[in-house]
Amino acid sequence: MIKETIEKLEKRKISARELVTHYLDQIKKKDPELNAYREVFDDAFLTAEEIDKKIKHGDTPRVLEGIPFAIKDNILIKGKMSGASSKILEGYTASYDATAVKKLRDEGAIFLGRTNMDEFAMGSSTENSAYGPTKNPADPTRVPGGSSGGSAAAVAADMAVAALGSDTGGSIRQPAAFCGAVGLKPTYSTVSRSGLIAMASSLDQIGPITKTVEDAEIIFNVIKGKDELDATSLEVELPRGSSTSKTIGVPREYFSLAEGGKEGLDEDVAKKFREAIDFLKNKGLEIKEVSLPSVHYALAAYYIVMPAEVSANLSRFDGVRYGAREDGKNLFDVYAKTRERGFGEEVRRRIILGTYVLSAGYYDAYYSRAQKVRYMIRKDFENEFKNVDLLLTPTTPHPAFKIGEKASDPLSMYLEDIYTVPINLAGVPAISIPFGSVEKEGKNLPVGVQFVAPWFEESRLFEVGKILESK
Ligand code: GLN
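Rules behind the numbers
- Residues numbered from 1 in each chain as written.
- Predicted model: local features only at pLDDT ≥ 70, side-chain atom pairs only at ≥ 80, totals over all residues.
- Heavy atoms only, no water.
- Near = heavy atom within 4 Å.
- Areas by Shrake-Rupley, 256 points an atom, 1.4 Å probe, with all protein chains shown as cover.
- 1 Å grid on protein atoms, 1.4 Å probe; cavity = no way out; pocket = protein on both sides within 12 Å on 5 of 7 lines; lining within 4 Å.
- Sits in = over half its atoms within 2 Å of the grid points.
- Nonpolar A, V, L, I, M, F, W, Y, C, P; charged D, E, K, R; others polar.
- Points joined across faces, edges and corners; volume = space filled by probe spheres on them.
- Salt bridge = Lys/Arg side-chain N within 4 Å of Asp/Glu carboxyl O.
- Helix = DSSP H or I, 4+ residues; strand = E, 2+ residues; numbered from the N terminus.
- Buried < 20%, exposed > 50% of the residue type's maximum accessible area, 1.4 Å probe, protein only.
- Pairing = 2+ DSSP bridges.
- Axes fitted to C-alpha atoms, helices over the stretch in contact; angles between N-to-C directions.
- Contact = heavy atoms within 4.5 Å.

Glancing now at the site of the ligand. Within the structure, the ligand sits among 15 residues, and Thr168, Gly169, Ser171, Tyr302 and Arg350 are positioned closest to it. When the ligand is considered free in solution it has 290 Å² of accessible area, and contact with the protein chains removes 100% of it. Of the pockets mapped on this structure, the ligand occupies the largest cavity. Class assignment for the residues of the shell around the ligand results in 5 nonpolar, 7 polar and 3 charged.

This is the structure in C-alpha coordinates:
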(Lines give C-alpha, C1' and ligand atoms only; values in the text may rest on other atoms or scores of the structure.)
Protein backbone atom coordinates (compact mmCIF):
# COMPACT_ATOMS: atom_id res chain seq x y z
CA MET A 1 0.00 0.00 0.00
CA ILE A 2 2.50 2.65 1.10
CA LYS A 3 5.02 1.89 -1.64
CA GLU A 4 2.38 1.67 -4.36
CA THR A 5 0.75 4.90 -3.19
CA ILE A 6 4.03 6.79 -3.23
CA GLU A 7 4.86 5.44 -6.65
CA LYS A 8 1.54 6.77 -7.94
CA LEU A 9 2.29 10.12 -6.32
CA GLU A 10 5.71 10.27 -7.88
CA LYS A 11 4.40 9.36 -11.32
CA ARG A 12 1.64 11.91 -10.73
CA LYS A 13 -1.11 9.42 -11.31
CA ILE A 14 -2.64 10.77 -8.13
CA SER A 15 -2.05 13.90 -6.06
CA ALA A 16 -1.78 14.13 -2.29
CA ARG A 17 -4.87 16.32 -2.40
CA GLU A 18 -6.84 13.58 -4.15
CA LEU A 19 -5.63 11.06 -1.62
CA VAL A 20 -6.78 13.19 1.29
CA THR A 21 -10.11 13.81 -0.46
CA HIS A 22 -10.62 10.07 -0.88
CA TYR A 23 -10.00 9.32 2.80
CA LEU A 24 -12.08 12.23 4.06
CA ASP A 25 -14.94 11.03 1.84
CA GLN A 26 -14.62 7.55 3.32
CA ILE A 27 -14.69 9.04 6.81
CA LYS A 28 -17.76 11.13 5.99
CA LYS A 29 -19.52 8.06 4.67
CA LYS A 30 -18.60 5.48 7.31
CA ASP A 31 -17.60 7.20 10.51
CA PRO A 32 -21.01 8.43 11.62
CA GLU A 33 -21.77 4.74 12.24
CA LEU A 34 -18.32 3.46 13.25
CA ASN A 35 -17.14 6.33 15.52
CA ALA A 36 -13.47 5.56 14.91
CA TYR A 37 -12.41 9.21 14.87
CA ARG A 38 -12.59 11.60 17.78
CA GLU A 39 -11.67 14.48 15.48
CA VAL A 40 -10.87 14.94 11.82
CA PHE A 41 -8.27 17.63 11.11
CA ASP A 42 -9.22 20.37 8.68
CA ASP A 43 -5.61 21.19 7.85
CA ALA A 44 -4.84 17.84 6.18
CA PHE A 45 -5.37 19.60 2.83
CA LEU A 46 -2.73 22.22 3.65
CA THR A 47 -0.10 19.51 4.17
CA ALA A 48 -1.30 17.78 0.99
CA GLU A 49 -0.90 20.97 -1.02
CA GLU A 50 2.65 21.47 0.22
CA ILE A 51 3.45 17.92 -0.75
CA ASP A 52 1.92 18.33 -4.20
CA LYS A 53 4.05 21.43 -4.74
CA LYS A 54 7.19 19.51 -3.84
CA ILE A 55 6.34 16.67 -6.16
CA LYS A 56 5.61 19.06 -9.01
CA HIS A 57 8.96 20.63 -8.31
CA GLY A 58 10.54 17.22 -8.86
CA ASP A 59 11.66 16.51 -5.28
CA THR A 60 12.24 12.83 -4.50
CA PRO A 61 9.42 11.63 -2.27
CA ARG A 62 10.27 10.84 1.33
CA VAL A 63 9.51 7.43 2.88
CA LEU A 64 5.91 8.34 3.83
CA GLU A 65 5.29 11.18 1.39
CA GLY A 66 1.58 12.01 1.28
CA ILE A 67 0.49 8.94 3.27
CA PRO A 68 -2.69 9.68 5.26
CA PHE A 69 -2.44 8.52 8.89
CA ALA A 70 -4.84 8.21 11.81
CA ILE A 71 -3.30 8.81 15.26
CA LYS A 72 -4.58 7.37 18.53
CA ASP A 73 -5.92 10.02 20.90
CA ASN A 74 -3.13 9.41 23.46
CA ILE A 75 -0.27 10.34 21.10
CA LEU A 76 0.42 14.07 20.98
CA ILE A 77 0.29 16.12 17.80
CA LYS A 78 1.49 19.70 18.26
CA GLY A 79 -1.34 22.22 18.20
CA LYS A 80 -4.04 19.54 18.26
CA MET A 81 -6.27 18.47 21.09
CA SER A 82 -5.35 15.23 22.70
CA GLY A 83 -7.43 13.58 25.36
CA ALA A 84 -6.84 9.82 25.67
CA SER A 85 -10.65 9.70 25.25
CA SER A 86 -11.06 10.97 28.81
CA LYS A 87 -13.26 13.79 30.13
CA ILE A 88 -10.46 14.89 32.42
CA LEU A 89 -8.37 16.07 29.46
CA GLU A 90 -11.20 17.96 27.77
CA GLY A 91 -9.80 21.12 26.19
CA TYR A 92 -6.16 20.07 26.42
CA THR A 93 -4.05 21.01 23.39
CA ALA A 94 -0.64 19.42 22.87
CA SER A 95 2.28 21.84 22.89
CA TYR A 96 4.68 19.42 21.19
CA ASP A 97 4.76 16.44 18.85
CA ALA A 98 5.29 12.94 20.21
CA THR A 99 8.64 11.78 18.86
CA ALA A 100 6.93 9.08 16.76
CA VAL A 101 4.62 11.71 15.28
CA LYS A 102 7.51 14.04 14.56
CA LYS A 103 9.33 11.24 12.77
CA LEU A 104 6.26 10.47 10.64
CA ARG A 105 5.89 14.18 9.86
CA ASP A 106 9.53 14.49 8.85
CA GLU A 107 9.00 11.68 6.34
CA GLY A 108 6.00 13.38 4.74
CA ALA A 109 3.02 11.76 6.49
CA ILE A 110 -0.34 13.55 6.52
CA PHE A 111 -2.45 13.41 9.70
CA LEU A 112 -6.15 12.91 9.02
CA GLY A 113 -7.32 12.94 12.61
CA ARG A 114 -7.16 11.38 16.05
CA THR A 115 -8.90 8.14 16.90
CA ASN A 116 -11.15 6.88 19.64
CA MET A 117 -9.80 4.57 22.36
CA ASP A 118 -10.56 3.15 25.77
CA GLU A 119 -10.02 5.91 28.31
CA PHE A 120 -6.27 6.18 29.02
CA ALA A 121 -5.85 2.93 27.03
CA MET A 122 -7.52 0.85 29.73
CA GLY A 123 -9.72 -1.73 28.08
CA SER A 124 -10.12 -4.26 25.30
CA SER A 125 -13.20 -3.00 23.47
CA THR A 126 -13.10 0.83 23.16
CA GLU A 127 -16.30 0.81 25.25
CA ASN A 128 -14.40 2.61 28.01
CA SER A 129 -14.11 5.76 25.88
CA ALA A 130 -15.89 8.77 27.39
CA TYR A 131 -17.13 9.47 23.86
CA GLY A 132 -19.03 6.32 22.99
CA PRO A 133 -17.79 3.00 21.66
CA THR A 134 -16.23 2.44 18.26
CA LYS A 135 -17.93 -0.26 16.15
CA ASN A 136 -16.27 -3.11 14.31
CA PRO A 137 -16.37 -2.51 10.51
CA ALA A 138 -16.93 -6.26 9.93
CA ASP A 139 -20.06 -6.22 12.11
CA PRO A 140 -21.13 -2.94 13.73
CA THR A 141 -22.95 -4.76 16.54
CA ARG A 142 -19.52 -5.91 17.74
CA VAL A 143 -16.55 -4.18 19.35
CA PRO A 144 -13.40 -3.39 17.34
CA GLY A 145 -11.24 -4.46 20.28
CA GLY A 146 -9.16 -2.03 22.28
CA SER A 147 -7.74 0.03 23.46
CA SER A 148 -6.62 1.19 19.96
CA GLY A 149 -10.05 0.29 18.54
CA GLY A 150 -10.47 3.57 16.66
CA SER A 151 -7.10 3.20 14.91
CA ALA A 152 -7.80 -0.43 13.93
CA ALA A 153 -11.32 0.33 12.69
CA ALA A 154 -10.04 3.34 10.71
CA VAL A 155 -7.48 1.21 8.87
CA ALA A 156 -9.81 -1.76 8.36
CA ALA A 157 -12.62 0.43 6.97
CA ASP A 158 -10.19 2.24 4.65
CA MET A 159 -10.55 5.53 6.51
CA ALA A 160 -6.73 5.83 6.64
CA VAL A 161 -3.79 4.07 4.99
CA ALA A 162 -2.20 3.39 8.37
CA ALA A 163 -2.47 4.36 12.00
CA LEU A 164 -0.46 4.63 15.20
CA GLY A 165 -1.64 2.85 18.31
CA SER A 166 -0.14 2.06 21.69
CA ASP A 167 0.20 -1.35 23.31
CA THR A 168 0.58 -1.91 27.05
CA GLY A 169 -0.97 -5.37 27.25
CA GLY A 170 -2.30 -6.00 23.74
CA SER A 171 -3.92 -2.74 22.66
CA ILE A 172 -2.43 -2.77 19.16
CA ARG A 173 -2.57 -6.49 18.43
CA GLN A 174 -6.00 -7.37 19.80
CA PRO A 175 -7.94 -4.66 17.91
CA ALA A 176 -5.89 -5.37 14.78
CA ALA A 177 -6.96 -9.03 15.05
CA PHE A 178 -10.62 -8.16 15.66
CA CYS A 179 -10.74 -5.77 12.68
CA GLY A 180 -8.57 -7.69 10.21
CA ALA A 181 -5.49 -5.44 10.22
CA VAL A 182 -1.78 -5.96 10.90
CA GLY A 183 -0.64 -4.72 14.33
CA LEU A 184 2.94 -4.50 15.57
CA LYS A 185 4.07 -4.10 19.18
CA PRO A 186 7.79 -3.34 18.92
CA THR A 187 10.45 -4.44 21.42
CA TYR A 188 10.18 -2.32 24.57
CA SER A 189 12.61 0.64 24.17
CA THR A 190 12.85 0.63 20.36
CA VAL A 191 10.21 3.35 19.85
CA SER A 192 10.33 6.50 21.98
CA ARG A 193 7.44 6.97 24.39
CA SER A 194 7.92 10.74 24.48
CA GLY A 195 4.55 12.35 23.80
CA LEU A 196 2.59 9.20 24.55
CA ILE A 197 0.17 9.84 27.43
CA ALA A 198 1.59 7.29 29.84
CA MET A 199 -0.43 4.33 31.08
CA ALA A 200 2.15 1.90 32.49
CA SER A 201 5.60 3.17 31.56
CA SER A 202 7.49 -0.12 31.81
CA LEU A 203 5.04 -1.75 29.37
CA ASP A 204 3.87 0.98 26.96
CA GLN A 205 5.06 0.95 23.35
CA ILE A 206 3.85 2.87 20.30
CA GLY A 207 3.43 0.86 17.10
CA PRO A 208 1.74 0.80 13.69
CA ILE A 209 -1.61 -0.66 12.61
CA THR A 210 -1.59 -1.25 8.87
CA LYS A 211 -3.08 -3.17 5.96
CA THR A 212 0.09 -5.09 5.13
CA VAL A 213 3.17 -6.43 6.89
CA GLU A 214 5.39 -4.41 4.59
CA ASP A 215 3.65 -1.19 5.68
CA ALA A 216 4.20 -2.08 9.34
CA GLU A 217 7.88 -2.62 8.57
CA ILE A 218 8.22 0.70 6.74
CA ILE A 219 6.57 2.63 9.58
CA PHE A 220 8.52 0.80 12.27
CA ASN A 221 11.77 1.74 10.55
CA VAL A 222 10.70 5.39 10.53
CA ILE A 223 9.58 5.66 14.18
CA LYS A 224 12.25 3.57 15.94
CA GLY A 225 15.49 4.88 17.42
CA LYS A 226 17.07 6.45 20.48
CA ASP A 227 15.48 9.65 21.66
CA GLU A 228 16.92 12.06 24.23
CA LEU A 229 13.36 12.62 25.49
CA ASP A 230 12.85 8.97 26.54
CA ALA A 231 15.60 7.62 28.76
CA THR A 232 14.49 4.02 28.15
CA SER A 233 14.83 4.30 24.37
CA LEU A 234 17.72 2.57 22.65
CA GLU A 235 19.48 2.66 19.34
CA VAL A 236 19.95 -0.90 18.19
CA GLU A 237 21.30 -1.97 14.85
CA LEU A 238 18.30 -3.76 13.34
CA PRO A 239 18.17 -6.48 12.23
CA ARG A 240 20.84 -7.87 14.52
CA GLY A 241 22.25 -10.15 11.87
CA SER A 242 19.75 -12.94 12.41
CA SER A 243 19.54 -15.56 9.71
CA THR A 244 16.34 -16.77 8.09
CA SER A 245 13.80 -18.16 10.56
CA LYS A 246 13.39 -21.90 10.42
CA THR A 247 11.73 -23.08 13.60
CA ILE A 248 8.57 -21.82 15.20
CA GLY A 249 7.45 -22.78 18.69
CA VAL A 250 3.83 -23.12 19.75
CA PRO A 251 3.49 -22.75 23.53
CA ARG A 252 1.57 -25.73 24.87
CA GLU A 253 0.03 -23.51 27.54
CA TYR A 254 -1.99 -21.90 24.71
CA PHE A 255 -2.48 -24.61 22.12
CA SER A 256 -1.92 -28.33 22.13
CA LEU A 257 -0.56 -29.55 18.81
CA ALA A 258 -1.74 -33.06 19.66
CA GLU A 259 -5.29 -32.11 20.63
CA GLY A 260 -5.67 -29.25 18.17
CA GLY A 261 -7.01 -26.74 20.68
CA LYS A 262 -7.17 -25.70 24.30
CA GLU A 263 -9.75 -24.87 26.90
CA GLY A 264 -10.90 -21.28 26.59
CA LEU A 265 -9.98 -21.05 22.92
CA ASP A 266 -12.95 -20.74 20.54
CA GLU A 267 -13.22 -23.86 18.35
CA ASP A 268 -13.44 -21.95 15.08
CA VAL A 269 -10.44 -19.82 16.01
CA ALA A 270 -8.54 -22.98 16.97
CA LYS A 271 -9.33 -24.41 13.53
CA LYS A 272 -7.97 -21.32 11.81
CA PHE A 273 -4.89 -21.45 14.01
CA ARG A 274 -4.34 -25.08 13.03
CA GLU A 275 -4.66 -24.01 9.37
CA ALA A 276 -2.00 -21.34 9.89
CA ILE A 277 0.32 -23.96 11.37
CA ASP A 278 -0.23 -26.30 8.41
CA PHE A 279 0.34 -23.48 5.95
CA LEU A 280 3.66 -22.57 7.57
CA LYS A 281 4.70 -26.21 7.62
CA ASN A 282 4.01 -26.42 3.89
CA LYS A 283 6.24 -23.41 3.42
CA GLY A 284 9.07 -25.40 4.94
CA LEU A 285 9.03 -24.08 8.50
CA GLU A 286 9.43 -26.49 11.37
CA ILE A 287 6.73 -26.27 14.05
CA LYS A 288 7.57 -27.45 17.57
CA GLU A 289 5.71 -27.55 20.82
CA VAL A 290 7.40 -25.42 23.48
CA SER A 291 6.56 -24.43 27.02
CA LEU A 292 6.27 -21.12 28.87
CA PRO A 293 5.32 -22.45 32.32
CA SER A 294 5.05 -19.06 34.03
CA VAL A 295 2.57 -17.50 31.59
CA HIS A 296 -0.23 -18.95 33.73
CA TYR A 297 0.55 -16.12 36.14
CA ALA A 298 0.97 -13.40 33.51
CA LEU A 299 -2.49 -11.83 33.78
CA ALA A 300 -2.34 -11.80 37.58
CA ALA A 301 1.09 -10.14 37.52
CA TYR A 302 0.03 -7.68 34.81
CA TYR A 303 -3.03 -6.59 36.80
CA ILE A 304 -0.71 -5.66 39.69
CA VAL A 305 2.26 -4.11 37.90
CA MET A 306 0.10 -2.16 35.42
CA PRO A 307 -2.30 -0.53 37.94
CA ALA A 308 0.66 0.33 40.20
CA GLU A 309 2.21 2.32 37.36
CA VAL A 310 -1.19 3.70 36.32
CA SER A 311 -1.79 5.09 39.82
CA ALA A 312 1.54 6.93 39.71
CA ASN A 313 1.22 8.16 36.10
CA LEU A 314 -2.32 9.43 36.48
CA SER A 315 -1.61 11.40 39.67
CA ARG A 316 -0.64 14.35 37.47
CA PHE A 317 -4.23 14.84 36.30
CA ASP A 318 -5.43 17.08 39.10
CA GLY A 319 -7.35 19.81 37.32
CA VAL A 320 -4.49 22.26 37.72
CA ARG A 321 -2.02 21.19 35.09
CA TYR A 322 -4.12 19.96 32.17
CA GLY A 323 -7.61 19.92 30.77
CA ALA A 324 -10.86 20.13 32.71
CA ARG A 325 -11.20 21.49 36.26
CA GLU A 326 -14.00 21.35 38.79
CA ASP A 327 -14.43 24.12 41.36
CA GLY A 328 -13.99 23.30 45.04
CA LYS A 329 -13.82 24.77 48.53
CA ASN A 330 -10.05 24.39 48.71
CA LEU A 331 -7.20 22.87 46.72
CA PHE A 332 -7.81 19.32 47.89
CA ASP A 333 -11.47 19.64 47.07
CA VAL A 334 -10.57 20.80 43.53
CA TYR A 335 -8.35 17.75 43.08
CA ALA A 336 -10.91 15.34 44.45
CA LYS A 337 -13.87 16.68 42.48
CA THR A 338 -11.90 16.97 39.25
CA ARG A 339 -10.66 13.40 39.51
CA GLU A 340 -13.98 12.00 40.61
CA ARG A 341 -15.86 13.58 37.72
CA GLY A 342 -13.08 13.49 35.15
CA PHE A 343 -12.09 9.82 35.34
CA GLY A 344 -14.35 6.99 34.20
CA GLU A 345 -15.15 3.91 36.27
CA GLU A 346 -12.42 1.61 34.91
CA VAL A 347 -9.73 4.25 35.35
CA ARG A 348 -10.79 4.86 38.95
CA ARG A 349 -10.84 1.11 39.61
CA ARG A 350 -7.23 0.79 38.45
CA ILE A 351 -5.98 3.83 40.35
CA ILE A 352 -7.46 2.40 43.54
CA LEU A 353 -6.03 -1.05 42.82
CA GLY A 354 -2.63 0.48 42.06
CA THR A 355 -2.41 2.57 45.22
CA TYR A 356 -3.45 -0.51 47.21
CA VAL A 357 -0.73 -2.82 45.86
CA LEU A 358 1.88 -0.10 46.42
CA SER A 359 0.80 0.74 49.97
CA ALA A 360 3.20 0.00 52.83
CA GLY A 361 1.46 -3.09 54.17
CA TYR A 362 0.88 -4.76 50.81
CA TYR A 363 3.87 -3.81 48.68
CA ASP A 364 5.79 -7.01 49.40
CA ALA A 365 2.76 -9.28 49.18
CA TYR A 366 1.63 -7.97 45.80
CA TYR A 367 3.93 -5.62 43.94
CA SER A 368 7.26 -7.32 44.75
CA ARG A 369 5.86 -10.76 44.02
CA ALA A 370 4.38 -9.61 40.70
CA GLN A 371 7.78 -8.25 39.74
CA LYS A 372 9.33 -11.64 40.51
CA VAL A 373 6.74 -13.34 38.31
CA ARG A 374 7.55 -10.86 35.59
CA TYR A 375 11.19 -11.89 35.78
CA MET A 376 10.21 -15.58 35.54
CA ILE A 377 8.13 -14.90 32.43
CA ARG A 378 11.07 -13.11 30.84
CA LYS A 379 13.22 -16.13 31.62
CA ASP A 380 10.67 -18.48 29.99
CA PHE A 381 10.91 -16.54 26.75
CA GLU A 382 14.70 -16.39 26.98
CA ASN A 383 14.87 -20.17 27.45
CA GLU A 384 12.61 -21.06 24.53
CA PHE A 385 14.28 -18.60 22.18
CA LYS A 386 17.37 -20.77 22.54
CA ASN A 387 15.38 -23.55 20.82
CA VAL A 388 13.21 -21.71 18.30
CA ASP A 389 13.43 -18.56 16.15
CA LEU A 390 9.88 -17.41 16.75
CA LEU A 391 6.76 -18.25 18.73
CA LEU A 392 3.27 -18.53 17.30
CA THR A 393 0.01 -18.08 19.25
CA PRO A 394 -3.55 -17.03 18.50
CA THR A 395 -3.84 -13.26 19.05
CA THR A 396 -7.19 -13.55 20.83
CA PRO A 397 -9.19 -16.44 22.33
CA HIS A 398 -12.20 -15.72 20.08
CA PRO A 399 -13.32 -13.24 17.42
CA ALA A 400 -14.84 -9.82 18.18
CA PHE A 401 -17.56 -9.98 20.83
CA LYS A 402 -20.82 -8.04 21.00
CA ILE A 403 -20.97 -4.48 22.25
CA GLY A 404 -22.14 -4.67 25.86
CA GLU A 405 -21.34 -8.36 26.22
CA LYS A 406 -18.44 -7.92 28.64
CA ALA A 407 -18.74 -4.27 29.61
CA SER A 408 -20.05 -4.98 33.11
CA ASP A 409 -17.65 -7.84 33.84
CA PRO A 410 -14.08 -6.56 34.24
CA LEU A 411 -12.63 -10.02 34.81
CA SER A 412 -13.90 -11.49 31.56
CA MET A 413 -12.64 -8.34 29.81
CA TYR A 414 -9.19 -8.84 31.40
CA LEU A 415 -9.14 -12.41 30.07
CA GLU A 416 -9.16 -10.94 26.55
CA ASP A 417 -5.46 -10.26 26.94
CA ILE A 418 -4.39 -13.76 27.82
CA TYR A 419 -2.15 -14.20 24.74
CA THR A 420 -0.87 -10.65 24.47
CA VAL A 421 0.01 -9.57 28.03
CA PRO A 422 3.00 -11.91 28.64
CA ILE A 423 4.74 -10.29 25.67
CA ASN A 424 4.58 -6.83 27.23
CA LEU A 425 5.80 -8.21 30.56
CA ALA A 426 8.80 -9.76 28.79
CA GLY A 427 9.35 -6.73 26.53
CA VAL A 428 9.70 -8.81 23.37
CA PRO A 429 8.23 -7.76 20.00
CA ALA A 430 5.10 -9.33 18.47
CA ILE A 431 2.91 -8.86 15.44
CA SER A 432 -0.70 -9.85 14.77
CA ILE A 433 -1.40 -10.88 11.18
CA PRO A 434 -4.92 -11.33 9.79
CA PHE A 435 -5.60 -14.95 8.90
CA GLY A 436 -9.02 -15.21 7.28
CA SER A 437 -12.25 -15.13 9.22
CA VAL A 438 -14.76 -17.28 11.07
CA GLU A 439 -18.49 -17.11 10.62
CA LYS A 440 -20.62 -16.11 13.61
CA GLU A 441 -24.31 -15.33 13.25
CA GLY A 442 -23.97 -14.95 9.50
CA LYS A 443 -21.06 -12.47 9.67
CA ASN A 444 -17.47 -13.11 8.72
CA LEU A 445 -15.33 -11.99 11.64
CA PRO A 446 -11.58 -11.54 11.17
CA VAL A 447 -9.11 -13.74 13.04
CA GLY A 448 -5.49 -12.92 13.79
CA VAL A 449 -2.44 -14.97 14.66
CA GLN A 450 0.49 -13.64 16.62
CA PHE A 451 4.19 -14.13 15.99
CA VAL A 452 6.57 -13.34 18.83
CA ALA A 453 10.32 -12.76 18.31
CA PRO A 454 13.29 -12.38 20.65
CA TRP A 455 14.22 -8.84 21.76
CA PHE A 456 15.15 -6.60 18.79
CA GLU A 457 14.40 -9.27 16.17
CA GLU A 458 11.47 -7.47 14.53
CA SER A 459 12.92 -8.44 11.15
CA ARG A 460 11.92 -12.06 11.81
CA LEU A 461 8.33 -10.97 12.40
CA PHE A 462 8.25 -9.19 9.06
CA GLU A 463 9.86 -12.07 7.23
CA VAL A 464 7.52 -14.79 8.45
CA GLY A 465 4.56 -12.41 8.58
CA LYS A 466 4.90 -11.85 4.84
CA ILE A 467 4.90 -15.61 4.26
CA LEU A 468 1.67 -16.04 6.20
CA GLU A 469 0.10 -13.00 4.58
CA SER A 470 0.73 -14.50 1.15
CA LYS A 471 -2.09 -17.00 1.84
N1 GLN B 1 -6.63 -4.49 27.52
C2 GLN B 1 -5.49 -4.31 28.35
C3 GLN B 1 -5.84 -3.46 29.53
O4 GLN B 1 -6.95 -3.13 29.67
C5 GLN B 1 -4.35 -3.72 27.56
C6 GLN B 1 -4.50 -2.28 27.32
C7 GLN B 1 -3.36 -1.71 26.52
O8 GLN B 1 -2.57 -2.44 25.93
N9 GLN B 1 -3.26 -0.40 26.56
O10 GLN B 1 -5.02 -3.13 30.30
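Looking at the largest pocket, its volume works out to about 320 Å³. Per-class residue counts for the lining of the largest pocket are 9 nonpolar, 4 polar and 5 charged.

This paragraph deals with the pattern of salt bridges. As enumerated under the stated definition, the model contains 31 salt bridges in all. A salt bridge links Arg105 to Asp97; its shortest N-O distance comes to 2.7 Å. Here Glu345 makes a salt bridge to Arg349, at a shortest N to O gap of 3.1 Å. In this pair, Glu345 and Arg349 are both assigned in helix H11 (residues 345–358), 4 residues apart and thus about one turn of the helix distant. Under the relative-accessibility criterion, Glu345 is labelled exposed at 56%. Shared partners join several salt bridges into a network, and the residues in it are Arg38, Glu39, Asp73 and Arg114.

A word on the sheet that holds strand S11 (residues 443–452). One open sheet holds the 11 strands; their spatial order is S1-S3-S2-S4-S6-S5-S10-S11-S9-S7-S8, and the pairing between them is mixed. Edge positions in the sheet fall to strand S1 (37–40) and strand S8 (286–290), since each of these pairs with one other strand and no more. Strand-to-strand twist across the sheet, computed as the mean angle between neighbouring axes with direction ignored, equals 30°. Judged from the 3 bridges that link them, strand S2 (residues 68–72) and strand S4 (residues 162–167) form a sheet pairing that is parallel. Residue Ile71 lies in a different strand from S4, and its bridge partner there is Leu164. Across the face of the sheet, helix H8 (residues 267–282) comes into contact with strand S7 (247–251), S8, strand S9 (390–394), strand S10 (430–440) and S11 while running at roughly 125° to S10.

Burial of S11 is extensive: 8 of the 10 residues sit out of reach of the surface. Inspection of the sheet shows S9 paired to S11 by 4 bridges, in the antiparallel sense. Of the residues in S11, the one forming a bridge with Thr393 is Gln450. In this structure, S10 lies alongside S11, joined through 9 bridges in antiparallel fashion.

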